[in-house]
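Coordinates in review
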Amino acid sequence: MRDLAGTKEACSINTATLGFQKPIRQTIDAIARAGFRYASPWRRELKDESIKAVAKHLSDAKIAVPGYYRSTFLPAADKAQRRFAIDDNKRAMDDAITLGAEYFPLVVGSLHEGSKNITEARKQVLDALPELLEYARRNGIKLAIEPLHPVYAADRSCILSLSHALDVCDAIEGTTREPSLGILFDVYHCWWDHNLPHDIARAGAQRRIFGFHVNDWLRNTNDILNDRGMMGDGVIDLRGIRGMVEAAGFNGPVEVEIFSANDWWKKPLEETLKIAAARLATST
Ligand code: ZN
């Protein structure tokens, strides 16, 4: 297992961690000044920006981009909306490629307004993925499915475990030496799963672990969406999980992603970055 002490260069900051407080260029500069060499931005931060100019800013700051967050939800009430979602994701993939991102993260979506049919939502995801995968392959980017915690089953994802995400990869891409469809493993979503050792080993054997998010689950969480903890402040066995993920072959950047509306998002960027670097070393 890698020693993360003093190796911020091996770690990434997902810009959501900093609460979108500053314009993207200032966020990138703060991350670079703090000594990190990777950052993953969000589409919402770049919607009024020239993607090319931000790409240049990133490369001038010597910051590489693991992922560009994130997909538009795939299930929808009618065919036209499902078509829009696929095309919108292709446009976002184009931008991800301009930014030099390694993968495009897929949070796939779940029940559209009025639906009670999660089976249908899953079918719509499976129907949409081959076209997206073909587009990704043709343009040289990977697709990383991020399975979410089951608490998000209603509105955000109908893929709710690592094993389900891997089943989807198998169904869509089959077995291949160089997969373009894989998973983004976020400890927040998967830490509780009793099958984790088996599923992480399976993902690693298939070379499908594209990304790795760290944060913590607070014992008395106030908000399932925006009350994530800093590494070390909650109940997740971060070292144990990182050990399994790295033993399975993952050697990419360890990415900090903390949604925390009432705590970390209210702190100055510099303070959050400094504490994140320290906790990567001591508690991750
Ligand atoms: Zn995540």
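To be clear, the structure that these remarks concern was listed above.
Only a predicted model underlies this, so the values are computations on that prediction, with no experimental measurement involved.

Moving on to the environment of Arg-82. Within the fold, Arg-82 resides in helix 4 (residues 79-98). Sequence spacing of Arg-82 and Thr-72 is 10 residues, and the spatial spacing of their C-alpha atoms is 10.0 Å. Among the polar contacts listed, one links the side chain of Arg-82 to the backbone oxygen of Ala-76, at a separation of 2.9 Å.

Time to look at the side chain of Thr-272. In this structure, Thr-272 sits in helix 10 (residues 269-283). Judged by its relative accessible area of 2%, Thr-272 falls in the buried class. What Thr-272 contacts, discounting residues up to four positions off in sequence, is Thr-17, Leu-18, Met-230, Trp-264 and Lys-267.

Bound to the zinc ion on the protein side are Glu-146 (OE), Asp-186 (OD), His-213 (ND1) and Glu-257 (OE), at distances that span 2.0 to 2.2 Å. Here the zinc ion is ringed by four donor atoms whose angles at the metal span 87 to 159°, and the overall shape comes out irregular. Between consecutive donors of the zinc ion, the numbers of intervening residues give the motif E-x39-D-x26-H-x43-E. Here His-213 is found in strand 6 (residues 209-214), whereas its partner Glu-257 is found in the loop between strand 7 (254-256) and helix 10, with 44 residues between them in sequence.

Turning our eyes to something else, we now look at the pattern of salt bridges. One pass over the full model with this rule turns up 22 salt bridges. Among the ionic pairs, Glu-134 bridges to Arg-138, the shortest N-O distance being 3.1 Å. On the criterion of helical spacing, the pair formed by Glu-134 and Arg-138 is a turn pair, its members being four residues apart in helix 5 (residues 118-139). Glu-134 sits in the partly exposed class, given a relative accessible area of 41%. What you see here is one network of salt bridges that share partners, running through Arg-137, Asp-167, Asp-170, Glu-173, Arg-202 and Arg-208.

About the thresholds
- Residues numbered from 1 in each chain as written.
- Predicted model: local features only at pLDDT ≥ 70, side-chain atom pairs only at ≥ 80, totals over all residues.
- Heavy atoms only, no water.
- Helix = DSSP H or I, 4+ residues; strand = E, 2+ residues; numbered from the N terminus.
- Polar contact = N/O pair within 3.5 Å; in protein donor to acceptor, adjacent residues only side chain to side chain.
- Buried < 20%, exposed > 50% of the residue type's maximum accessible area, 1.4 Å probe, protein only.
- Contact = heavy atoms within 4.5 Å.
- Donors = N, O, S within 2.8 Å, 3.2 Å for Na, K, Ca; no water.
- Tetrahedral: all angles 85-135°; square planar, octahedral: opposite > 155°, others 65-115°.
- Salt bridge = Lys/Arg side-chain N within 4 Å of Asp/Glu carboxyl O.

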